[in-house]
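Descriptive structure summary
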Amino acid sequence: MTWISFVIVTLLFFTPIIGLGPVVVKEQTFALTLVGFSLPRQYTGYISLLLYCVGLWLVLSLALLALEQASRWDLAKARLCPGLIYAVHPKLSNRVAVLLADLVLIYLVTRWALPEIAKRLAPLLSLFLPQLASSLSAVPQFVDAFFPQVPLGLIVLSIFTLVAAYGFDREQQYRYKVAVLRNQLQRKEQQKQIVVR
Amino acid sequence: MLNSQTDTETGWQPGSTSPLIPTLLLLCGPLPDEDANYIQQSVQNRLGDQVPPSTVAWGRLGSADDIFEEAIAELVAPMTKQRFWDGMVARGYAQVIPYPISLRIIVVYDLAEGDDVESAHVLLQQLATVAQNVLVGTAEFSLELIVFGDGVIDLRKETLYWPRIRLQTEAHSGIVAERRRIIEETQTILVALLSSELTMAIEYIVRTKKEDVGWIWMGASALVVELAHLEEYLRLLILQSLIQPLIQTQLSPANQQFLDRALKDGVAELLKRVEDEAKRITGTISLLESRATTIKPPPLWEFRIEPKGKESGAPREIFSLQEELKDKFELSMVGLTGLLKDQQPPPKELSYLLCGSYARLRESLVENLDKPEGDNYVYLLKSLTNILDRAFEPKGGELIQPLELREKDAVGLPALVYAMERATTELRDSPDLHLDGQVIPVHPLESDYFLTALAEADATAIQAAYRRYFRFCRNLLSWPGIVLKLIPAWPLLTGILAMITHKGEAWSALVAALALTAIGIVDGVFWLVLEKGSRYRQYRAQYEKTLADSVPRLAATILRDYRLSIFRHLSDIFFGLAQLLLLLEDKAEDVSKKLANLKAYLETPNLETSPIYRLDNLTVWSQWARKAIELARPTPYASSKSAQIISEEIFSLPKNQHPEHGEAQVFYPPQPAAYHRVVSEIEAEADRLTRHFFLSSSLEPDARADWENPVGGEPAEAEELAAIRKSLADIRSLEENNPLAGEKRWIWLYTKAHPLGRSQDPAAQSFTIVTLASDAPLQGFAGEYLRKSDWLVARSRHPYEIICLRGVVETAGLEETDDVD
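Conventions we followed
Residues numbered from 1 in each chain as written. Chains lettered and ligands numbered in written order. Predicted model: local features only at pLDDT ≥ 70, side-chain atom pairs only at ≥ 80, totals over all residues. Helix = DSSP H or I, 4+ residues; strand = E, 2+ residues; numbered from the N terminus. Buried ≥ 20, exposed ≤ 12 C-beta atoms within 10 Å, placed from the backbone. Contact = placed C-beta atoms within 7 Å. Nonpolar A, V, L, I, M, F, W, Y, C, P; charged D, E, K, R; others polar. Expected span 1.5 Å × (residues − 1). Axes fitted to C-alpha atoms, helices over the stretch in contact; angles between N-to-C directions. Parallel < 35°, antiparallel > 145°, perpendicular 65-115°, else oblique. Left-handed = near helix turned anticlockwise from the far one by under 90°. Core = buried A, V, L, I, M, F, W, Y, C linked by C-beta atoms within 7 Å. pLDDT = per-residue confidence, 0-100. Pairing = 2+ DSSP bridges.

**Describing the overall build of chain B**
Scanning chain B for helices and strands turns up 24 helices and 14 strands. Per-residue burial over chain B gives 36% buried out of 821 residues. Pairs at least 24 apart in sequence give 82% of the contacts found in chain B among residues at least 6 apart.

Spelled out as structure tokens, the structure:
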């Protein structure tokens, strides 16, 4: 259910060209100061988008789970997506979205970290290897030139994907536990109580 | 008429019967042992069972010195016992035990001319005194006396005896008889005394005080009137000739060698074939295992058999096994393959379903084994039966003869028992029936133990294989699942592409969609089509291998179980036949004993048998008996009911107990009642042949057609047959011109029973007594002569003899006296 909600929310907000994401970002851009810390204006729209996505995803997931429970409809047995719950194979298709999200975030961190590290390392290295230190000072320019900036929307989507994947993992664990419990209960019911008097 | 009057003293009437009185018969005087034995033997033979032998005690007294009270008491003792009298009452010889009990003492004294008369008097008087001492207060007894020989004895001293009968060589009419004749007529008188109411009849005739009566001079003759003895003799001969080839007492070494050879060449060959077949099947199983990789679909049970000429990768032996199993299992396999449908989990009750299918397989296999021409064991049983059939029908028949029995003597139950023992030994010693040196215990064919175990093991293996496949499938995304998983990657990939390439969102979205679709398709095809199919094939292969292993193993086990069952069954039959052999040996012994007795009776020289059946030599009867057996059988085997019983009931082949329920064949051990039925069937057969023989000798020529023109008469037998026919013709003509037919027999008897003795008394009263067992001889034209005569009829217990006794009763005091000398 979490994955289905994730797919719906993703399609709603992030479908290329027609997704509602840019609209939300545009409308929700405002200045915000929290506990003396003023958030840059350009971020507020994206933070709102992330909150909207996660919120909508949570609501939708819980609603679908409640609906499933109320209607006694077992998704695990549904013809629509057999194996969706416990699926391991095919590995690539199964994990491609999470892999891409991971990739984006790793890229983001790397792109942010590299100039910072170079900036910190340069004074230290200038004592021993002055040439290397001078080349390190060129790293920020190099990164700016060759590594494009990650759009904020993409970052939001990646975070949302990872959150949803985490939620999906939790749902899998929960379903597995429930299935085990249900089996145990079923076995217990089938057991015959032998009363020795 | 004399016959119609009742004795006023005793109430006795001619033709009436009185209870049997136990008798002590003493042979006294200087009677040579030879003559004494002859008298005793002849009388016993003639009486047979008509008068119970236990009611006649025999004693021998040479002189007065031999008489001791103890000796007489010892002779009489068995007749005074309670048990003896209980038996008399139980058998109807007495209505109640009389009080006091009655005994008779008959004294036969041989007094030849010149013998010491005084010692005779002393003996007779002392005997009477001793008898009185012994029996007084115990039993009521009578003393009867027969004196034969030409010696002179004073009657007045022997008044204790009644009646007093005498026989002399010089007869009443002046003719002179031989001593031998006197002895024989004495025997006849003794038979009449013991088996009929002769004493009462004499008393009835005399009707005066016993003291006033002198010697009664008597003569006697006898005629065998019934055919029963002869018929019985023939019946026993036939019975003997029926049983004898069956029991054959001893197997000669030559016969044994022959049987060994026949078994070696025949049964051993059969056993080898059986062994080879089992080996071939078990060998093919190991071949299946060793070359499992080379077996390509079609699987074993689908029987898509390749043309033999083509090499298809699978070994040829497997195809030949397929062919064979197809023949044997046929439709049963369809049910087995239909159990599992594609992609469906095996049903929960798979083991039950498999068990049912295996049961059907077993049924079809055992059914196949049951075909007489198809199974080696049945063939073996038939071969053994053939040995028996040859015993019943020496000419052989149309049954299969795998053993090529040529020697005529290698037949009968001993041969069969010997062959059976050898066959079971051979079967038992077969190496594939042994495990660690022990014979494998038999699972009865009707037991489902093996089937259940096999089906459960197979179901477990199949279900485990399916579970592995199911787990794989459960962890596999479906096509919609793949789409669902790929959709969230699309905006991400679009964003990444747009970030890297700067080519606009639309272009990036399109490329991302294409890339993800390609990933999905490649992934899906690899996992959902290729990998899943391969896992499914693995599961099916496991399923196929399980069944492919089980079916031949089942076949091999069934064959082995069948073989073990046959072995067990053969052992049962072996013991059964040994029992039957004992029964038949007992019967044969019984028959030969009876035959000897009857022969002794029929050959008794003094007994005048009717000339129709008076044959010079009884061996002729033996020949006729054998001939009767051969001639009375219209076709071979038609009458060997005994062989049929043995084949059907003792050699019972496996039969379907409940064919409608599809249960397996069951062996029934031979029932003990069957052995007795075999014996009684043989007896019935002997009766039938005897009747046939006697009937055919008096039938009209047309009705005798089958008798005189038997089917299968060979030229070699023509002469013998002609001789038999001539004999039969002689008998018929004799019967037509029987000198003793009608009233002639009475005249013949009367003439032969001439009183032996010469009385001086002109007033002597003469009489004629005839002993008859029934009134039948009095009926009709033949009886008219007797009815018109003044002869007295005394009832007899002996149905086969008519005895005529003629006597002259002297008045006391006028008997032949000393003055002759």
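Once you've had a look at it, read on.
**Notes on the overall build of chain A**
The number of helices and strands found in chain A is seven helices and two strands. The order of α-helices and β-strands along chain A, N terminus first, is α-α-β-β-α-α-α-α-α. When each of the 197 residues of chain A is scored for burial, the buried share is 23%.

**A closer look at the interface of chain B and chain A**
On the side of chain A, 36 residues touch chain B, which itself brings 31 residues to the contact. Put simply, the parts of the chain that give the side of chain B that touches chain A at least two residues each are helix H15 (479-486), helix H16 (489-501) and helix H17 (505-602) of chain B. Taken together, the residues that form the side of chain B that touches chain A break down as 20 nonpolar, seven polar and four charged.

**Examining helix H5 (residues 179-195) of chain B**
An ideal rise of 1.5 Å per residue puts 24 Å on 17 residues; H5 of chain B measures up with 24 Å between its terminal C-alpha atoms. For H5 of chain B, the tally of buried residues reaches 14 of 17 residues, placing the bulk of the element in the interior.

**With respect to unusual backbone geometry**
All names here are of chain B. The amide bond that connects tyrosine 99 to the next residue, proline 100, takes the cis arrangement and shows omega of -10°. In this fold, proline 100 is placed in the loop between helix H3 (82-90) and strand S3 (101-110). Here the residue pair tryptophan 162 and proline 163 is connected by a cis peptide bond, since its omega of -10° sits within 30 degrees of zero. Structurally, the position occupied by proline 163 is in the loop between strand S4 (139-148) and strand S5 (164-167). A positive phi angle is found at histidine 502, which is not glycine, with a value near 55°. For histidine 502, the position within the fold is in the loop between H16 and H17. Note on histidine 502: 10 C-beta atoms within 10 Å, which makes it exposed.

**Considerations on the packing of helix H2 (residues 69-76) of chain B against helix H4 (residues 117-135) of chain B**
Residue and element names in this part refer to chain B. Where H2 meets H4, the closest approach of the two axes is 9 Å, and the angle between their N-to-C directions is 60°. The angle between the axes of H2 and H4 places the two elements in the oblique class. Read as a crossing pair, H2 and H4 show a hand that is right-handed. Every residue of H4 that contacts H2 at Glu69, Ile72, Ala73 and Val76 is listed here: Val130, Ala131, Asn133, Val134 and Leu135. Residues that form the contact of H2 with H4 fall into these classes: seven nonpolar, one polar and one charged.

**Regarding the nonpolar core**
In this structure, Val107 and Leu805 of chain B are the most contacted members of the largest nonpolar core, which totals 83 residues. When residues no more than four places from it in sequence are discounted, the contact partners of valine 107 of chain B are Leu26, Cys28, Leu124, Leu127, Leu143, Glu144 and Leu145 of chain B. In terms of nonpolar packing, the next biggest core, distinct from the first, is built from 44 residues, Phe14, Val24 and Val156 of chain A together with Trp527 of chain B among them.

**Quick notes on the environment of proline 672 of chain B**
All names here are of chain B. Tracing the backbone through its elements, the reader meets proline 672 in helix H20 (residues 672-696). The exposed category is assigned to proline 672, around which 12 C-beta atoms lie within 10 Å. As a C-alpha pair, proline 672 and glutamine 579 span 93 residues in sequence and 8.8 Å in three-dimensional space.

**Side note on the confidence of the model for chain B**
Residue and element names in this part refer to chain B. For chain B, mean pLDDT is 70; residues scoring 70 or higher make up 57% of the total. Looking at the elements of chain B, mean pLDDT is at its lowest for helix H21 (residues 705-708), recorded as 41, and at its highest for strand S1 (residues 23-28), recorded as 92. Overall, residues 370-374 carries pLDDT values under 50, and its contacts beyond four positions in sequence, including any with other chains, amount to seven contacts. This model gives residues 814-821 a pLDDT under 50, and the stretch forms twelve contacts once residues within four places in sequence are excluded. Reported confidences for the modelled complex are a pTM of 0.45 and an ipTM of 0.86.

**Brief notes about the pairing of S3 of chain B**
All names here are of chain B. Burial analysis of S3 places eight of its ten residues in the buried class, the great majority of the element. The sheet contact formed by S1 and S3 spans six bridges and is parallel. In the strand pairing of S3, leucine 25 is matched with isoleucine 106. With ten bridges joining them, S3 and S4 adopt parallel strand pairing. Bridge pairing in S4 links arginine 104 to serine 142.

**Quick look at the environment of phenylalanine 84 of chain B**
Residue and element names in this part refer to chain B. By secondary structure assignment, the location of phenylalanine 84 is in helix H3. Among the residues examined, phenylalanine 84 registers 16 C-beta atoms within 10 Å and is labelled partly exposed. Along the backbone, phenylalanine 84 and proline 22 are 62 residues apart, and their C-alpha atoms lie at a distance of 9.9 Å. If we ignore the near neighbours within four places in the chain, the residues touching phenylalanine 84 are Ser54, Pro78 and Met79.

**Quick look at the packing of helix H4 (residues 91-128) of chain A against H16 of chain B**
In contact at an axis separation of 9 Å, H4 of chain A and H16 of chain B are set at 35° when each is read in the N-to-C sense. Two packed elements cross with a definite hand, and for H4 of chain A against H16 of chain B that hand is left-handed. Judged by residue contacts, Val96, Ala97, Leu100, Ala101 and Val104 of chain A of H4 of chain A engage Ala489, Leu492, Leu493 and Ile496 of chain B from H16 of chain B. Within the contact of H4 of chain A with H16 of chain B, the residues separate by chemical class into nine nonpolar, no polar and no charged.

**Some remarks on the pairing of S5 of chain B**
All names here are of chain B. On S5, burial covers both faces: Arg164 and Arg166 on one face and Ile165 and Leu167 on the other are all buried. Both S4 and S5 contribute to a ladder of four bridges, which runs parallel. In the sheet register, phenylalanine 148 faces S5, and the bridge partner there is leucine 167.

**Looking at the confidence of the model for chain A**
Per-residue pLDDT for chain A has a mean of 80; in total, 91% of the residues score no lower than 70. Highest mean pLDDT in chain A belongs to helix H7 (residues 152-190) of chain A (87); lowest belongs to strand S1 (residues 32-34) of chain A (69).

**Examining the environment of leucine 193 of chain B**
Residue and element names in this part refer to chain B. Mapped onto the elements of the fold, leucine 193 is located in helix H5. Leucine 193 gets classed as buried once you count the C-beta atoms within 10 Å, which come to 23. Considered as a pair, leucine 193 and isoleucine 106 are 87 residues apart in the sequence and their alpha carbons are 9.0 Å apart. Beyond its immediate sequence surroundings of up to four residues, leucine 193 is in contact with Ile106, Glu144, Leu198 and Thr199.

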